[in-house]
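# Coordinates in review
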Amino acid sequence: SNGTSLHLHNVEPTIFDFTSHTRYSIRTPCSVLSGTFVSATSLLHALELHTSLKGRTRPLPKWTQRNGVLVGIQGGTHAVSHVCKVLFKYRCPLAGVLIKDWTGTKSMGMGNTTNSGSNSSWYNYVLEREHYTGWQSLMDKLERRGISVGL
């Protein structure tokens, strides 16, 4: 890029057309378009300028900075245990696991998660003990290995 960056303040869906080398098009279903142009020396500089105007993301928790991967796993106790065992077997350093479906899943009426992606997690913040049998044992094993768990 030439170091020019545009950030729109509008919330309406917007279509950007950059296919022409001589002009660009921005279409949105509103009567007023509000934004900020930034001229920068590089893409990194443009990003720094943008985040200085709009705010920066808070640093990640310290445990995410340890050596090791953060792995998203779902599918119940057996699936989480299996993936962790495979990673240990190949000596892959594991800093943490994110267990998205700890509250269980609900069918969207089109099959199951493994073949059609039609299940969704419940967001009721209650542990699904049938889906995650032996939850405390699983947590204890991960903790003994120094692996953090995100839910």
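In this report, we go over the structure that sits alongside the text.

Thresholds, definitions, all that
Residues numbered from 1 in each chain as written. Predicted model: local features only at pLDDT ≥ 70, side-chain atom pairs only at ≥ 80, totals over all residues. Heavy atoms only, no water. Helix = DSSP H or I, 4+ residues; strand = E, 2+ residues; numbered from the N terminus. Buried < 20%, exposed > 50% of the residue type's maximum accessible area, 1.4 Å probe, protein only. Pairing = 2+ DSSP bridges. Right-handed = clockwise from strand over helix to strand, strands pointing away. Axes fitted to C-alpha atoms, helices over the stretch in contact; angles between N-to-C directions. Contact = heavy atoms within 4.5 Å.

## A short note on unusual backbone geometry
Even without a glycine there, the phi angle at Arg-91 is positive, about 55 degrees. Mapped onto the secondary structure, Arg-91 falls in the loop between helix H2 (77-89) and strand E6 (94-99). Taking the relative accessible area as the measure of exposure, Arg-91 reaches 76% and is therefore exposed.

## Considering the pairing of strand E5 (residues 69-73)
Relative to E6, E5 runs parallel, the two being bridged by 5 bridges. Across the sheet, Val-71 pairs through a bridge with Val-97, a residue of E6. For the crossover from E5 across H2 to E6, the handedness is right-handed.

## Some details on the sheet that holds E6
Taken together, the 3 strands give an open sheet; going across it, the order is E5-E6-E9, and neighbouring strands pair in parallel fashion. Both edges of this open sheet fall to E5 and strand E9 (148-150), since each of them pairs with a single strand only. Between one strand axis and the next, the sheet turns through 25 degrees on average, direction left out of account. Contacting E5 and E6, H2 crosses the sheet at an angle of about 150 degrees to E5.

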